[in-house]
Amino acid sequence: MDEVGWEVVSDGESIAVAELIGRQLKLWREAAGLRAIEFADLMGYGEDLIHKVERGVRIPRPEFLERADEILHANGHLKALKKDAEKARYPKKVRDLAKLEAQAVELCAYNNSVVHGLLQTEEYAQAEVQNRQPPFPESEVERRVAGRMARQGIVNGSSGRPVFSFVQCESTLRRANGGRMVMRRQLERLLEVGQLRNVTIQVLPLGREENAGLAGSFRVLKLKDGTTMGHLAVQLLSRLISDPRDVQTLEMRYGMIRAQALTPRESLAFIEKVRGET
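In this report, the structure presented in the accompanying data block is examined. Every residue gets a number counted from 1 within its own chain, in the order that chain's sequence is written. Per-residue local features of the predicted model are confined to residues with pLDDT of at least 70, and side-chain atom pairs are confined, for both listing and counting, to 80 or more; whole-chain, interface and lining totals are unaffected and use all residues. Computation of side-chain values: all heavy atoms of the structure, hydrogens and water removed.

To qualify as a helix, a DSSP run of H or I must reach at least 4 residues; to qualify as a strand, a run of E must reach at least 2; elements of each kind are numbered from the N terminus. Helix span is expected to be 1.5 Å times the residue number reduced by one. Taking 1.5 Å per residue as the helical rise, helix H8 (residues 138-151) with its 14 residues ought to reach 20 Å, and the 20 Å between its terminal C-alpha atoms agrees with that figure. Accessibility here uses a 1.4 Å probe with only protein chains present; expressed as a share of the type maximum, an area under 20% marks a residue as buried, one over 50% as exposed, and anything in between as partly exposed. Taken residue by residue, H8 has Glu140, Val141, Arg143, Val145, Ala146, Gly147, Arg148 and Arg151 as its buried positions.

This part takes up the sheet that holds strand S5 (residues 199-204). Strand pairing follows a simple DSSP-based rule, namely that at least 2 bridges must link the two strands. If you trace the six strands from one edge of the open sheet to the other, you get S5-S4-S3-S6-S7-S8, paired in mixed fashion. The strands lining the two open edges of the sheet, one partner per strand, are S5 and strand S8 (237-241). Between one strand and the next, the sheet's axes are offset by a mean angle of 15 degrees, whatever the strand orientation. By the bridge criterion, five bridges tie strand S7 (residues 228-234) to S8 in an arrangement that is antiparallel. Counterpart to alanine 233 in the pairing with S8 is serine 238. Angles shown run from 0 to 180 degrees and are taken between the N-to-C directions of axes, each axis being a line fitted to C-alpha atoms and, for helices, limited to the stretch in contact.

This part takes up unusual backbone geometry. With an omega dihedral of -5 degrees, the bond running from glutamine 133 to proline 134 counts as a cis peptide bond. Looking at the element boundaries, proline 134 is found in the loop between helix H7 (122-130) and H8. Positioned with a positive phi, histidine 73 is a non-glycine residue whose angle comes to about 50 degrees. We classify histidine 73 as exposed; its relative accessible area is 60%. The backbone of asparagine 75 shows a phi angle near 55 degrees, a positive value even though the residue is not glycine.

Attention now moves to the packing of helix H2 (residues 36-43) against helix H3 (residues 47-55). The interhelical angle for the contact between H2 and H3, taken along N-to-C directions, is 110 degrees, at an axis separation of 8 Å. With respect to H3, the element H2 is oriented roughly perpendicular. Contact residues: Ala36, Ile37, Phe39 and Ala40 in H2; Glu47, Ile50 and His51 in H3. For the contact of H2 with H3, the residue count by class is five nonpolar, one polar and one charged. Each angle receives one of four descriptions, namely roughly parallel if under 35 degrees, roughly antiparallel if over 145, roughly perpendicular if within 65 to 115, and oblique otherwise. Residue contacts are counted whenever heavy atoms from the two residues lie within 4.5 Å of one another. For this classification, Asp, Glu, Lys and Arg are treated as charged, while Ala, Val, Leu, Ile, Met, Phe, Trp, Tyr, Cys and Pro are nonpolar and the rest, including Gly, are polar.

Below is the structure:
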């Protein structure tokens, strides 16, 4: 029953975490005087899965670690590894973005190809990832979508922090990613998130003669320590921008894009209009 575990991402950090979890599990199992097959029977899984987890080639899901903690009387030591297991399942790019977003007090993003990842519904995200060519294996699609959904926890109006500013090119609202109903639900999601007091969503209409975002999507993140970073994601590259001159250029460009876009109130009305046409 391998579905109770995740494949290990092929980067050093994920591999190290998976191996650490595996060693801990094996130590507690042996301390309990159980053979792998006996432990597997108590857990309700196959012996092969136990060996995979202990060798660090499979990352156990939270429910696996909770059950193992109870059976092996680990006093919470195995349960404590759940967060590490959750993080290790995602690609390094996703983990790095999540860390950066967690440090941000303000996040600004312009998108001209798809709806920003922090605003996507799960169906929309799945359609986007499945559009990739050459196609990802289904397990990788699941991993990437789950990583994107996990990052969305930061968009929470109750805390008021960080502050979000999103500008979406009109094309992202009209491109039928995933089909008509998927897009309709995605537009409804934008209307919902746009009501949060720490989120501003603006639309840059295609009819505008001026568009400072023709060079592509980007984001600017202002961090708690006072520094500002930029981020670009194009084709096969995901790149952080730290050079002050380049960051300044992105900040100036984003300011122009915001000025060229509809106001937040006009934008929500525009999204509502497109939803009605979808």
